[in-house]
Amino acid sequence: MKNLKACTSILVGKKASLDGSTMIARNDDTFLPLTPQRFYMEPAVHDQPGRVLKSWLNDFQAELPADSYRYNAVPNVDYKHKGYYDESGINEKNVAMSCTESTYGNERSLAYDPLNTKDGLDEDCMQTMVLPYIDSARHGVKYLGQLIAKFGSAAGNSVLFSDHDEVWYMEIVTGHHWVAQRIPDDCYAVAANEVAIQDVDFSKTDDFMWSDGIQDFVEKYHLNPDFNRWNFRHIFGTFDEKDRHYNTPRVWYIESRLNPELEQDPESGELPFILKPAKKISTDDIEYLLGSHYNETPFDPFGHGSEADRLRYRPVGLNRTQNSHILQLRNDVPEAYSAIMHICEGYPTFAPYVPFYTNANDTDPSWSHTPMTHDYESAYWLYKSLSFLVESEYSKFVQKDRDYLKEGRRHKRELIAEIDAQAADIKDPADLTEFLTRQNYKIVADYRDKAKDLMSDLIMDGINLSKLTFNMDKNL
């Protein structure tokens, strides 16, 4: 299953963001265009020993701790065939986790530490095993590292963690070896299905973490191709034709928009993992980038480049993106209502990112209950349908969609400001959670109405575009 996953990740430190938030964001891309998902709140568990988690993909199983924090998740509906894949969420301690960015180690390193495909921990169970039990982003890396040491990894996986202060990216490339790097506060990072971390400084334990014995492992098996550096990407990563056309150009495009002053080759294997942005990064920027398709370049499949150029590189936003999310931990409001999860369940190119306060105990049924086949009520199918409509007559419909998304971003800021102002007056924690839950329901309804209005408008436009028409005066 892992070789069917392909995602794009963006991580932003608090001094690199427009409002001082930390942000981790990712497109969850699957092999098939339709892999229905749902979004729900998992309640906390207290004093329940003996719970066991079993994978549907391999023989992995593990006993869960007796106590857990509340958290949210975006799992597959058909989990018995496709695995759980909770994918992304924020727990009640305001720790965010997104997993995973599929990452591929090279054959040299895997020869000496193969993946434990039989009963190792894989992406399908990873968030369920980690997010409910961690108190910080740094703790998340350590906690997951201990699980990898115990069970081994079933696939190459990279994981994003954040809290109010720190953002971490962890790359698990072989059965037991990994490195994690803290993204500096004034920087951002991009990853796209390749080993991304570059030079590792083992003296800087505040900025790096790693698996036990990794240096000895690399030395013993002669894995380091460089003379005077310890570059994780060079030692464990790949760089082949697929990377140059499927992976690397996505990093190039995102970096070209956040650092337009740079001149870089879209097929370069040395694109930087971490950069200081030319300007502070907003949620609007991330939404655009996660839905991008080489806009305003010859490589845009909707553009005017040659056919060879338009098909040359895999875009960031796809019809195979099942959910795109931004996990935002704000530092300019009280912690009790600072965590917001922005989720898009349509194509991120054409559909909006709906904001959810994660200090909530329930989710609107249109998000938490998704059928496997199309209906007219669930959010997943609503926003997939909207996306399909826009793409069906792209040149005719895209401007209305752009206007809709632009207005949606303005309105989102307005809604969040109004809710924040009301939340500030609520002192009882239980009352606040209930209030934010109700507000999430209202946000869902508001976004649903606006999406349906646009769809109705596009359908009427589409009817007028039909070729099954005949003008007697014109055609005779």
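Up top you'll find the structure we're talking about.
The text that follows walks through the structure, step by step, so that each part is easy to find. (Residues numbered from 1 in each chain as written. Predicted model: local features only at pLDDT ≥ 70, side-chain atom pairs only at ≥ 80, totals over all residues. Heavy atoms only, no water.)

## Notes on the pattern of salt bridges
Here is step 1 of the chain: Following the criterion strictly, the structure yields 18 salt bridges and no others.
Here is step 2 of the chain: Residue Lys14 is joined to Asp165 by a salt bridge in which the shortest nitrogen-to-oxygen separation is 3.1 Å. One end of the pair, Lys14, is in the loop between strand 1 (8–12) and strand 2 (22–29); the other, Asp165, is in the loop between strand 9 (157–162) and strand 10 (167–172), and 151 residues separate them in sequence.
Here is step 3 of the chain: Residue Lys14 is classed as partly exposed on the basis of its relative accessible area, which comes to 22%.
Here is step 4 of the chain: With a closest N to O distance of 3.3 Å, Asp186 and Lys276 form a salt bridge. Taken as a pair, Asp186 in the loop between strand 11 (178–182) and strand 12 (188–191) and Lys276 in the loop between strand 14 (274–275) and helix 8 (283–290) lie far apart in primary sequence, 90 residues in all.
Here is step 5 of the chain: Under the relative-accessibility criterion, Lys276 is labelled exposed at 54%. (Salt bridge = Lys/Arg side-chain N within 4 Å of Asp/Glu carboxyl O. Helix = DSSP H or I, 4+ residues; strand = E, 2+ residues; numbered from the N terminus. Buried < 20%, exposed > 50% of the residue type's maximum accessible area, 1.4 Å probe, protein only.)

## Some points on the pairing of strand 16 (residues 339–344)
Here is step 1 of the chain: Burial analysis of strand 16 places six of its six residues in the buried class, which makes it a mostly covered element.
Here is step 2 of the chain: Of the two faces of strand 16, the one carrying Ala339, Met341 and Ile343 and the one carrying Ile340, His342 and Cys344 are both buried.
Here is step 3 of the chain: Two elements, strand 15 (residues 321–329) and strand 16, share six bridges in a ladder whose sense is antiparallel. Each bridged residue has a counterpart across the sheet, and for Leu329 the counterpart in strand 16 is Ala339.
Here is step 4 of the chain: Here strand 16 pairs with strand 17 (residues 354–357) via four bridges, running antiparallel. Considered in strand 17, the bridge of Ile340 is made with Tyr357. (Pairing = 2+ DSSP bridges.)

## Description of the sheet that holds strand 9
Here is step 1 of the chain: The sheet built from six strands is open, its strands ordered 7-8-9-10-11-13 with antiparallel pairing. Every other strand in the sheet has two partners, leaving strand 7 (88–90) and strand 13 (208–210) as the edge strands with one partner each. Across the sheet, the mean angle separating the axes of adjacent strands is 15° when strand polarity is ignored.
Here is step 2 of the chain: Those strands touched by helix 3 (residues 123–130) are strand 7, strand 8 (96–102), strand 9 and strand 10, and its axis lies near 165° from that of strand 8.
Here is step 3 of the chain: Packing of helix 4 (residues 137–151) onto the sheet brings it into contact with strand 9, strand 10, strand 11 and strand 13, and relative to strand 10 it is tilted by some 15°. (Axes fitted to C-alpha atoms, helices over the stretch in contact; angles between N-to-C directions. Contact = heavy atoms within 4.5 Å.)

## Re empty space enclosed by the protein
If you roll a probe as big as a water molecule over the atoms, it shows you where there is empty space left.
Here is step 1 of the chain: Enumeration over the complete set of coordinates arrives at one cavity of 30 Å³ or more.
Here is step 2 of the chain: Estimates place the volume of the largest cavity at around 40 Å³.
Here is step 3 of the chain: In terms of lining, the largest cavity is formed by Ser366, Trp367, Glu377, Ser378, Ala379, Leu382, Tyr383, Val444 and Arg448.
Here is step 4 of the chain: Counting only elements with at least two residues in the lining of the largest cavity, the list comes to helix 10 (365–368), helix 11 (379–392) and helix 13 (429–464).
Here is step 5 of the chain: In terms of residues, the lining of the largest cavity owes the most to one element, helix 11, which gives three residues.
Here is step 6 of the chain: Taken together, the residues of the lining of the largest cavity break down into five nonpolar, two polar and two charged. (1 Å grid on protein atoms, 1.4 Å probe; cavity = no way out; pocket = protein on both sides within 12 Å on 5 of 7 lines; lining within 4 Å. Points joined across faces, edges and corners; volume = space filled by probe spheres on them. Nonpolar A, V, L, I, M, F, W, Y, C, P; charged D, E, K, R; others polar.)

## Side note on the packing of helix 3 against helix 4
Here is step 1 of the chain: Running from N to C, helix 3 and helix 4 cross one another at 125°; their axes reach a closest spacing of 10 Å. Our classification of the angle between helix 3 and helix 4 gives oblique. As helix 3 packs across helix 4, the resulting crossing turns out to be right-handed. Mapping the contact onto sequence places Met126, Met129 and Val130 in helix 3 and Gly140, Tyr143, Leu144 and Leu147 in helix 4. (Parallel < 35°, antiparallel > 145°, perpendicular 65-115°, else oblique. Left-handed = near helix turned anticlockwise from the far one by under 90°.)

## Some thoughts on the sheet that holds strand 12
Here is step 1 of the chain: Sheet architecture is open: seven strands sit in the order 14-12-1-2-15-16-17, paired in antiparallel fashion. Sheet topology places strand 14 and strand 17 at the edges, where each strand pairs with a single neighbour.
Here is step 2 of the chain: Pairing geometry for strand 12 and strand 14, over two bridges, is antiparallel. By the bridge assignment, Tyr188 is partnered in strand 14 with Leu275.
Here is step 3 of the chain: Along the sheet face, helix 12 (residues 394–423) touches strand 16 and strand 17 and points at about 15° away from the line of strand 17.

## Let's talk about helix 7 (residues 241–258)
Along an α-helix, a turn takes 3.6 residues, which lines up residues three or four apart on a common side.
Here is step 1 of the chain: Over its 18 residues, helix 7 extends 26 Å from the first C-alpha to the last, a length consistent with the 26 Å expected when each residue adds 1.5 Å.
Here is step 2 of the chain: In helix 7, a bend of some 45° at Thr248 exceeds every other bend along the element, and Pro249, a proline, comes one to four places later.
Here is step 3 of the chain: Where helix 7 is concerned, the buried positions are Asp243, Asn247, Thr248, Pro249, Arg250, Val251, Trp252, Tyr253, Ile254, Glu255, Ser256 and Leu258.
Here is step 4 of the chain: Looking at the buried residues of helix 7, the elements they touch are strand 1, strand 12, strand 14 and helix 8. (Expected span 1.5 Å × (residues − 1). Bend = angle between axes of the 7 residues up to and from the residue.)

## Things to note about a nonpolar patch on the surface
Here is step 1 of the chain: There is a patch of nonpolar side chains on the surface, built from Trp56, Leu57 and Tyr79 and spanning about 260 Å² of accessible area.
Here is step 2 of the chain: Here Leu57 shows up in the loop between strand 4 (52–54) and strand 5 (61–63).
Here is step 3 of the chain: You can call Leu57 partly exposed: its relative accessible area is 31%. (Patch = residues over 30% accessible without salt bridge, like charges linked within 9 Å, V, L, I, M, F, W, Y side chains within 5 Å. Areas by Shrake-Rupley, 256 points an atom, 1.4 Å probe, with all protein chains shown as cover.)

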